[in-house]
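# Topology and contacts: notes
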Amino acid sequence: MSTEQHPTLNAGSRQSLAFDTSSIKKESADHVEVEHDNAEEADHDHTTEEARLVRKLDFRIMPMLWAMYFLNYLDRAAIAQARLNKLEQNLHLVGSQYNVCISILFVGYTLVQIPSNMAMSTKRVRPSLWMCSWMMAWAVLSACTALAKDYTGLVVTRFLLGIAEAPFYPGAIYLLSLFYTRREIATRIGFLYSANISAISFSGLIAAATFATLDGAHGLHGWQYLFIIEGCLTFGIAFFAMFLLPDHPLTTRWLTPAQRELAQARMDHDTVGLKASKGPIAGLKQAITDPRLWLLVVMQTLHLAACGFNSFFPTVVSSLGFSSTITLVLTCPPYLAAGVIAILYGMSSGKFDERTIHITIACAVAAVGFVISCVTLNVGARYTSCFLFTIGAYASNSIILGWVSATCGQTQEKKAAALSIVNTFANASFIYTPYLYPSSDGPKYLMANVANACFVAGTAACAWALRAWLRMENNKRKERNETLLYAY
């Protein structure tokens, strides 16, 4: 209504009305600004609390898991060093019997992983107690390897050792996937996997010291002392780990109630296609009916097949012509370099939220190393090739496993099943890869190196195929106005 229709609304009143309107606008703007500041402050507080939570998780989880995996692989790989201390002669192994003892472990290893991860995903099983109980079992079996008197005893011990060791690694990856987001997990898996690499690296030095000081003492061979010492150390670490490992985000005792809620909420927010849990059997069905999982299975199987050289690395290095002690020492530097680069590579993948190109570059480096090892007997070139194929082969492991968790993690049960399926099929490659290294094929091991070059090429091809697949799925999600997309 205009002022002309209200003669009583004089100029003073109009001025007062204008003042009041501007005051209301100013108060409204101030209110909006206060709300915006409060929202920013709340976001900042949430970010601070989340950063504090991640630091706490890193401090409590990572060192203990690292130590456990270090010992897991140290116990498993001790046989490679024992071979250099006359294991074959003492147990009267002939022909391919040593190779059978290597591969039989992975028969047991593949039988237990899926049911173990399914049990961990039920929430009726505490991961801390479950994993540490199995660790104590493998510690005892590892020490019992020293009691083997012949081929049969060694085969049986190795088979049982594979069963006891099987729950740890897929369980550890699943445990990390419960607490760390897609951008965080590759770095953590890279750090964890550096324990594997460090175990292979230092196992030669530990074995060299053991053989030099204890071989023949009290009527025992050096390789027997090696198994006994490592088994006892493993048992002790397992006891302490029971009190330090977490369980599930909402049930971890050393998190505050607020931190438990935050730990669960941030994982729910980070999961593409989050679904309600329906139990471990339903999770297994969801995993095996997801076709993307089987491409990831092929990718990781090819990748681990290329890593089959690790059980024969001392043998490969011994082809350079040095003494057994120098050979054990020379196995260390390539693995140390691979461990450091694996961590940095995982950090890079997480920072840029990228997987395909990282995997491709790593595979290319490994392929160059395998080719060099095929074509020359020059000592310098062959030792350089050991660095290249070790660094390249191990760099992509954390990225692939993190990709499994991010792609097939719609429920915790599906995630647990997917990780164990991938690990089971991939580790089955270690059943047959030992036969690529017959003694008669040295020093070039042409068959093994050609096969390994093909394996890493196949790994890269699978990464690009999955990238194309996930891009198509992301386009469909965008059409449905979904903002949380798959990473590739």
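Above: the structure in question.
So, here's what we can say about the structure. (Residues numbered from 1 in each chain as written. Predicted model: local features only at pLDDT ≥ 70, side-chain atom pairs only at ≥ 80, totals over all residues. Heavy atoms only, no water.)

For the coordinates displayed, the defined rule picks out 21 aromatic pairs. Centroid distance Phe-239 to Phe-243: 5.6 Å. Interplanar angle 75 degrees. Geometry classified as edge-to-face. In this pair, Phe-239 and Phe-243 both sit in helix α8 (residues 222-244), 4 residues apart, roughly one turn of the helix. Here the aromatic cluster, defined as three or more aromatic residues joined through ring pairs, consists of Tyr-69, Trp-138, Phe-168, Tyr-169, Tyr-193, Phe-309, Tyr-335, Phe-370, Phe-389 and Tyr-394. Here Arg-83 stacks its cationic end above the ring of Tyr-98, 4.1 Å away from the centre of that ring. (Phe/Tyr/Trp six-rings, centres within 6.5 Å; stacked < 30°, edge-to-face > 60°. Helix = DSSP H or I, 4+ residues; strand = E, 2+ residues; numbered from the N terminus. Lys NZ or Arg CZ within 6 Å of the ring centre and 35° of its normal.)

Bringing the packing of helix α11 (residues 291-306) against helix α18 (residues 412-427) into the picture now. Closest axis-to-axis distance for the α11/α18 pair is 8 Å, and the angle between their directions is 40 degrees. Two packed elements cross with a definite hand, and for α11 against α18 that hand is right-handed. Residues Arg-292, Leu-293, Trp-294, Leu-296, Val-297, Gln-300, Thr-301 and Leu-304 of α11 pack against Lys-414, Ala-418, Ile-421, Val-422, Phe-425, Ala-426 and Asn-427 of α18. A breakdown of the residues in the contact of α11 with α18 according to their chemical character gives 10 nonpolar, 3 polar and 2 charged. (Axes fitted to C-alpha atoms, helices over the stretch in contact; angles between N-to-C directions. Left-handed = near helix turned anticlockwise from the far one by under 90°. Contact = heavy atoms within 4.5 Å. Nonpolar A, V, L, I, M, F, W, Y, C, P; charged D, E, K, R; others polar.)

Another point: the nonpolar core. Counting 115 residues, the largest nonpolar core has Leu-65 and Tyr-169 as its most contacted members. Per-element tally for this core: the top contributor is helix α1 (residues 11-82), with 14 residues. By size, the runner-up hydrophobic cluster in this structure holds 22 residues, among which are Ala-78, Phe-211, Leu-226 and Phe-227. (Core = buried A, V, L, I, M, F, W, Y, C linked by side-chain atoms within 4.5 Å. Buried < 20%, exposed > 50% of the residue type's maximum accessible area, 1.4 Å probe, protein only.)

Looking at where Ala-428 falls in the secondary structure, it is placed in the loop between α18 and α19 (429-432). Under the relative-accessibility criterion, Ala-428 is labelled partly exposed at 24%. In the structure, Ala-428 is positioned 124 residues away from Leu-304 in sequence and 9.1 Å away in space, judged by C-alpha atoms.

Negative phi characterises most residues that are not glycine, and trans characterises most peptide bonds. Positive phi, normally seen in glycine, also occurs at Lys-86, with a value near 70 degrees. A residue is classified by how much of its surface remains accessible, and Lys-86, at 53% relative accessible area, is exposed.

What follows covers the pattern of salt bridges. Scanning all chains against the criterion turns up 13 salt bridges. A salt bridge links Arg-266 to Glu-50; the shortest N-O distance between them is 2.9 Å. Of this pair, Arg-266 sits in helix α9 (residues 257-270) while Glu-50 is found in helix α1, placing the two residues 216 residues apart along the sequence. Among the residues examined, Arg-266 registers a relative accessible area of 7% and is labelled buried. For Glu-50, a relative accessible area of 22% puts it in the partly exposed group. A salt bridge links Lys-414 to Asp-290; the shortest N-O distance between them is 3.0 Å. Separated by 124 residues along the polypeptide, Lys-414 in helix α18 and Asp-290 in the loop between α10 (280-288) and α11 bring together distant segments of the chain. For the pair Lys-414 and Asp-290, a shared accessibility class is recorded, and that class is buried. In this structure, a network of salt bridges that share partners links the residues Asp-290, Arg-292, Lys-414 and Glu-473. (Salt bridge = Lys/Arg side-chain N within 4 Å of Asp/Glu carboxyl O.)

Once that is clear, we can look at helix α7 (residues 182-214). Over its 33 residues, α7 runs 47 Å from end to end, which matches the ideal 48 Å to within 8%, given 1.5 Å per residue. The largest bend in α7 comes to about 35 degrees, at Phe-202. Taking burial as the measure, the 33 residues of α7 include 24 buried ones, the bulk of the element. A positive phi of about 90 degrees marks Gly-216, the residue just after α7. (Expected span 1.5 Å × (residues − 1). Bend = angle between axes of the 7 residues up to and from the residue.)

An α-helical turn contains 3.6 residues, so any two residues separated by three or four positions project in the same direction. When the terminal C-alpha atoms of helix α5 (residues 151-165) are compared, their 21 Å separation across 15 residues agrees well with the 21 Å that a helix rising 1.5 Å per residue should span. Structurally, the start of α5 carries an N-cap: the backbone nitrogen of Thr-152 is 3.3 Å from a side-chain oxygen of Asp-150. (Polar contact = N/O pair within 3.5 Å; in protein donor to acceptor, adjacent residues only side chain to side chain.)

Remark: α7 packs on α8, axes separated minimally by 9 Å, with the N-to-C direction vectors making an angle of 125 degrees. In terms of axis orientation, α7 runs oblique to α8. In this structure, α7 meets α8 at a crossing whose hand is right-handed. Every residue of α8 that contacts α7 at Ile-206, Ala-207, Thr-210, Phe-211 and Leu-214 is listed here: Gly-222, Trp-223, Tyr-225, Leu-226, Ile-229 and Glu-230. Taken together, the residues that form the contact of α7 with α8 break down as 8 nonpolar, 2 polar and 1 charged. (Parallel < 35°, antiparallel > 145°, perpendicular 65-115°, else oblique.)

On the secondary structure map, Cys-462 appears in helix α20 (residues 446-479). As a C-alpha pair, Cys-462 and Met-299 span 163 residues in sequence and 5.5 Å in three-dimensional space. Those residues in contact with Cys-462 that lie beyond four places of it in its chain are Leu-295, Val-298, Met-299 and Leu-302.

Before going further, it helps to examine the environment of Leu-176. Tracing the backbone shows Leu-176 in helix α6 (residues 168-179). A relative accessible area of 0% places Leu-176 in the buried class. Those residues in contact with Leu-176 that sit more than four places away from it in its chain are Ile-61, Met-62, Leu-65, Ile-185, Arg-188, Ile-189 and Leu-192.

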